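# Close look at the chain arrangement
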Amino acid sequence: MEKKYRFSWLTPVAIIIACFHMIPVIITFIVSISKYGEKKSYWKIPYKWEFMNYVEAYKIGELGNAFKNTLFITLIVVIAVVLLGSMTAYPLARNKSKFNNNVINGILAIMMIPSLSVLVPLYTFMVKINGVNTFWGIIIIHITYSLPSCIFLFKNFIESIPIQLDEAALIDGCSIFDIFYRIILPQLKPVIATIIIFTGVGVWNDYANSLYFLQKDSMKTLTLAIAGFFQETSSNTNVAAAAALIAVLPIVIAYIVLQKAFIKGAVDSAIK
């Protein structure tokens with residue numbers, strides 16, 4: 001009873017924090033259903049809702065094509081990062097050698113480097129290998145940026161799995177690949193959910209890399225399509241707000257579906 005009383009104040013604090021974070025979403029929604037050029041407070045819900053802003057956002061911004069491009073890039077990157085990250089983390093977690101410790105320290109060092117600080121040399125390199133204005137080029141860039149943190153999360157989680165499971169499987173005649181795919185990988189569902197959210201949101205919301213490496217209109221992503229409203233429609237913030245809500249919706253749905261596993265994976269990877 002005492003413990004319950006001790007933490008009872010957390011609920012109203014959590015509600016206040018949640019409401020604070022919902023303010024930009026609420027304002028964006030109000031702007032998206034308001035009439036263009038209407039002068040009123042952003043907090044005031046209009047009497048007549050202008051849903052045509054959503055129709056214009058989809059047609060003018062060509063959100064259908066941008067959505068396909070963004071979804072394709074995000075799916076490929078997430079799948080590649082989950083597979084490569086887990087396969088790399090498994091030997092690092094199981095083999096405690098000086099070389100593996102150096103590899104882990106190198107991964108941690110790479111995580112400290114801001115991605116935009118290497119943009120100029122990266123762009124020069126991508127031009128040399130003809131990677132600009134290609135999907136494979138932007139996919140490789142996102143995978144490279146996402147792998148270090150994903151390997152770190154996978155490694156911490158795999159270390160919490162008893163090594164006796166591996167040893168028992170070896171005695172039964174399983175190979176290393178069988179142990180990984182049949183025993184280790186199925187137990188990584190919580191951390192996989194965490195990585196899907198982290199990586200997926202990062203790639204889905206990416207603007208800087210897409211701006212520099214995807215310069216063709218046919219290859220633009222959702223973030224580039226939304227930015228285009230401030231030029232093509234004379235800074236129509238109402239249509240831009242509608243487009244932003246359309247773009248955010250898939251990520252919100254994904255988080256709602258994966259939230260339990262996401263929280264468990266994030267916590268377990270941090271403390272184990």
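Here's what I pulled together on the structure shown here.

## So, the overall build of the chain
Along its length, the chain carries 14 helices and 0 strands. Starting at the N terminus, the α and β elements of the chain follow one another as α-α-α-α-α-α-α-α-α-α-α-α-α-α. Counting all 272 residues of the chain, 38% fall into the buried class. In the chain, the share of contacts with a sequence separation of at least 24, taken over all contacts with a separation of at least 6, comes to 72%. Only carbon and sulfur atoms are counted for the fraction: they give 70% of the accessible area of the chain, which is about 16,400 Å².

## Details of the environment of P114
Tracing the sequence through the fold places P114 in the loop between α5 (98-111) and α6 (119-128). Among the residues examined, P114 registers a relative accessible area of 53% and is labelled exposed.

## Some details on the pattern of salt bridges
Taken as a whole, this structure holds 3 salt bridges when the rule is applied. A salt bridge links R94 to D166, with the shortest nitrogen-to-oxygen separation between them at 3.1 Å. In this pair, R94 sits in helix α4 (residues 63-94) while D166 sits in helix α8 (residues 164-171), placing the two residues 72 residues apart along the sequence. D166 shares its class with R94; the two are buried. When the shortest N-O distance is used, the salt bridge between K96 and E159 registers 2.5 Å. With K96 in the loop between α4 and α5 and E159 in helix α7 (residues 135-159), this residue pair connects regions lying 63 residues apart in the sequence. Owing to a relative accessible area of 58%, K96 belongs among the exposed residues under this scheme. Residues joined by salt bridges that share partners form a network here, namely K96, K155 and E159.

## Concerning the packing of aromatic side chains
Applying the stated rule across the entire model yields 8 aromatic pairs. Ring geometry for F29 against W49: centres 5.6 Å apart, planes inclined by 85 degrees, an arrangement best described as edge-to-face. Of this pair, F29 sits in helix α2 (residues 10-32) while W49 sits in the loop between α2 and α3 (52-60), placing them 20 residues apart in sequence.

## So, α3
Those residues of α3 that sit buried are N53, Y54 and A57. For α3, the angular spread of the buried residues around the axis is 100 degrees, confining them to a single face. One or two residues past the end of α3 sits E62, with phi positive at roughly 50 degrees.

## Considering the side chain of S86
Its location among the elements puts S86 in helix α4. A distance of 3.1 Å separates the side chain of S86 from the backbone oxygen of L83, its partner in a polar contact. Sequence-distant contacts of S86, defined by excluding residues within four places in its chain, comprise V81, F154, I158, F180, L185 and L188.

## Structural notes on unusual backbone geometry
One non-glycine residue, N130, lies in the positive phi region at around 60 degrees. Summarising the element assignment, N130 is placed in the loop between α6 and α7. In this structure, N133 takes a positive phi of about 60 degrees despite not being glycine. The topology assignment puts N133 in the loop between α6 and α7.

Parameters at a glance
- Residues numbered from 1 in each chain as written.
- Predicted model: local features only at pLDDT ≥ 70, side-chain atom pairs only at ≥ 80, totals over all residues.
- Heavy atoms only, no water.
- Helix = DSSP H or I, 4+ residues; strand = E, 2+ residues; numbered from the N terminus.
- Buried < 20%, exposed > 50% of the residue type's maximum accessible area, 1.4 Å probe, protein only.
- Contact = heavy atoms within 4.5 Å.
- Areas by Shrake-Rupley, 256 points an atom, 1.4 Å probe, with all protein chains shown as cover.
- Salt bridge = Lys/Arg side-chain N within 4 Å of Asp/Glu carboxyl O.
- Phe/Tyr/Trp six-rings, centres within 6.5 Å; stacked < 30°, edge-to-face > 60°.
- Arc of directions from axis to C-beta.
- Polar contact = N/O pair within 3.5 Å; in protein donor to acceptor, adjacent residues only side chain to side chain.

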